[in-house]
Amino acid sequence: MPAVPERTNCVTRIGDGLIAHGLYDDTPLRVIDSTGRVLDIIDIPEPYPGLTKLNESSFAWSPSKRRMVVVYRNARRMDFLNHDGMRYGSIQGPRPVQVLYTTVDHPDHDHVYFSQQSEVSYLAVAATKRFVYTLFSGLPAPHPGTQVQIYGWNGDFKAEYALDRGLLDLTVSEDDAVLYGAFFDPDGRQRIGEWRLPSVP
């Protein structure tokens, strides 16, 4: 069986099982039991095999829990999976990013160091019945995301909107009408804002 996950971001119940998403040593999704024991892995080829730190990702379910999507912080790839964990599609987003890093050998694993010019791709992802919404940066960390990209569940690119401020995270109303986002105000306090979304065909 795979090793115990290094860092779990969220756990979601699907049927009688649990799926954990996190930063692991081989793939971003695990099937676990109620004690956290790893039962299986969901096999998704990583953008950077063997370099765990580079494979940080975000994850969202459709409201029906029939489909899920994984997006990556250091790659513009998006992976679409059904509720059984079978990957039915992968796409490249419309905006390229330049990821710059060096590795230093270590007895247990490689240490990864990012250049200050290394660009970040997707910071967050949210999903509704119709669409997948990604928060895209395209700038070096710690810049927040200022672009919202919208995709269909078959991976087709629908639209992109520029925000009037950078966000750290996002979610969207069930009717695809309102985007809610977390951001820091000028005093460094975290706030929640909302934006009306144009209709997407």
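Check the entry above for the structure.
Residues numbered from 1 in each chain as written. Predicted model: local features only at pLDDT ≥ 70, side-chain atom pairs only at ≥ 80, totals over all residues. Heavy atoms only, no water.

A. Examining the sheet that holds strand E4 (residues 38-42) more closely. Across the sheet, which stays open at both edges, the four strands sit in the order E1-E2-E3-E4 with antiparallel pairing between neighbours. On the outer flanks of this sheet lie strand E1 (7-14) and E4, each paired with one strand and no other. Taken pair by pair, the neighbouring strands of this sheet meet at an average axis angle of 30°, ignoring direction. In this sheet, strand E2 (residues 17-23) lies alongside E1 in antiparallel orientation, the contact comprising seven bridges. Among the inter-strand pairings, Val11 is bridged to a residue of E2, identified as Ala20. (Pairing = 2+ DSSP bridges. Helix = DSSP H or I, 4+ residues; strand = E, 2+ residues; numbered from the N terminus. Axes fitted to C-alpha atoms, helices over the stretch in contact; angles between N-to-C directions.)

B. Representation of the side chain of Gln147. Examined against the element boundaries, Gln147 turns out to sit in strand E13 (residues 145-152). Residue contacts for Gln147: discarding those within four places in its chain leaves Arg95, Thr134, Leu135, Phe136, Glu160, Tyr161 and Ala162. (Contact = heavy atoms within 4.5 Å.)

C. A look at the nonpolar core. In terms of nonpolar packing, the biggest core is built from 18 residues, with Tyr133, Leu135, Val148, Ile150, Leu167, Leu170 and Leu179 touching the most fellow members. Every element with two or more residues in this core is listed here: strand E11 (122-127), strand E12 (131-136), E13, strand E14 (157-167), strand E15 (169-172) and strand E16 (178-184). (Core = buried A, V, L, I, M, F, W, Y, C linked by side-chain atoms within 4.5 Å. Buried < 20%, exposed > 50% of the residue type's maximum accessible area, 1.4 Å probe, protein only.)

D. Geometry of the pattern of salt bridges. The full count for this structure, using the stated rule, is nine salt bridges. A salt bridge links Glu56 to Arg7; the shortest N-O distance between them is 3.4 Å. Residue Glu56 is found in the loop between E4 and strand E5 (57-61), and its partner Arg7 is found in strand E1; the two are separated by 49 residues along the sequence. Owing to a relative accessible area of 27%, Glu56 belongs among the partly exposed residues under this scheme. In this structure Arg7 comes out as partly exposed when scored by relative accessible area, which is 36%. The closest approach of N and O atoms between Asp156 and Lys158, which form a salt bridge, is 3.0 Å. What you see here is one network of salt bridges that share partners, running through Asp185, Asp187, Arg189 and Arg191. (Salt bridge = Lys/Arg side-chain N within 4 Å of Asp/Glu carboxyl O.)

These figures come from the coordinates and say nothing about function on their own.
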